[in-house]
Amino acid sequence: MRGKVKPTMDTKNTCSWPGKDSLMIAYHDEEWGVPLHDDRKLFEFMALDAFQAGLSWSIVLKKREGFRRAFDYFDFNKIARYKERKIRQLLEDEGIIRNQLKIRATVNNAKRFIEVQKEFGTFDRYIWQFTGARPLLGKRRSLSRIPARSVESDAMSADLRKRGFKFVGSTICYAFMQAAGMVNDHLVNCYRYGELKKLK
């Protein structure tokens, strides 16, 4: 999802990783790196990042609407109550990535997500503690400087695992941090880096 910076037709510099894919371009321009504080949206990214494991993000984006329909628009309260019948339906749904381990992990994670909410008031309050309740600035100038994990994602992964979450390795957690705006990993010459630098 990351790459060199290239100029666009309107003279703005932008990260090159979206290529010419309209969904990836829209995701880069409108969502990636925007600080998120809505619990349902945070759960959506947590679930989608888990499904991405071993795959490209473009595959997940293309199936995003299918995921939303199949998983009750990521209503974690509903997902936490999924029974075997629903899981079997999901395994037959061609609109999503039909990986049984990831589907079951999503149901499990919805239950753990609710437990965290009960303890902290919101999942948002819990998850943002790993970056000191503020976005971290990557200040990356090249692809080679963007890490796959960080001290913060290591700590997040360890705590999530302790709480019973699944598919929350440090690399997945770092991708989640990038998506949720907990770290601004747009390259510094990308126009979105400066725009998002102002947000909290």
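Residues numbered from 1 in each chain as written. Predicted model: local features only at pLDDT ≥ 70, side-chain atom pairs only at ≥ 80, totals over all residues. Heavy atoms only, no water.

**Q** For the overall build of the chain, give the residues involved together with the corresponding values.
**A** If you tally the helices and strands in the chain, you get 11 helices and four strands. Over its C-alpha trace the chain gives a radius of gyration of 17 Å, about what one expects of a compact globule, namely 16 Å for 200 residues. Going through the 200 residues of the chain one by one, you find that 49% of them count as buried. Looking at the chain alone, contacts between residues at least 24 apart form 66% of all its contacts between residues at least 6 apart. For the chain, the exposed area adds up to about 10200 Å²; of that, 50% sits on carbon and sulfur atoms. Taken as two groups, the 39 positive and 24 negative side-chain charges of the chain have centres that lie 3 Å from each other. (Helix = DSSP H or I, 4+ residues; strand = E, 2+ residues; numbered from the N terminus. Rg over C-alpha atoms; globule rule 2.2 N^0.38 Å. Buried < 20%, exposed > 50% of the residue type's maximum accessible area, 1.4 Å probe, protein only. Contact = heavy atoms within 4.5 Å. Areas by Shrake-Rupley, 256 points an atom, 1.4 Å probe, with all protein chains shown as cover. Lys, Arg positive; Asp, Glu negative; His and termini not counted. Charge placed at Lys NZ, Arg CZ, Asp CG, Glu CD.)

**Q** Give me the lowdown on unusual backbone geometry, citing residues and values where you can.
**A** As a rule of thumb, non-glycine residues mostly have phi less than zero, and peptide bonds are mostly trans rather than cis. Although it is not a glycine, aspartate 72 adopts a positive phi angle of roughly 50°. Residues other than glycine seldom take positive phi values, yet phenylalanine 167 does so here, at roughly 55°. Looking at where phenylalanine 167 falls in the secondary structure, it is placed in the loop between α9 (151-162) and α10 (170-179). Residue phenylalanine 167 is classed as partly exposed on the basis of its relative accessible area of 28%.

**Q** Outline the nonpolar core, supporting the account with residue identities and numerical values.
**A** Within the largest apolar cluster, 55 residues are counted, with the highest numbers of intra-cluster contacts made by Phe71, Phe123, Ile127, Met156 and Phe176. Sort the elements by how many residues they give to this core and helix α2 (residues 39-52) lands first, with seven residues. Apart from the residues within four sequence positions on either side, phenylalanine 71 is in contact with Phe51, Ile79, Tyr82, Leu90, Ile96, Ile103 and Thr106. (Core = buried A, V, L, I, M, F, W, Y, C linked by side-chain atoms within 4.5 Å.)

**Q** Tell me about α9, and please be specific about residues and values.
**A** Between its terminal C-alpha atoms α9 stretches 17 Å, which fits the 16 Å expected from 12 residues at 1.5 Å a residue. Within the sequence span of α9, burial applies to Ser153, Met156, Ser157, Asp159 and Leu160. Among the structural elements, α2, α8 (123-127) and α10 are those in contact with the buried residues of α9. Directly beyond the C-terminal end of α9, a positive phi value near 95° is found at glycine 164. (Expected span 1.5 Å × (residues − 1).)

What is shown is where atoms sit, not what they do.
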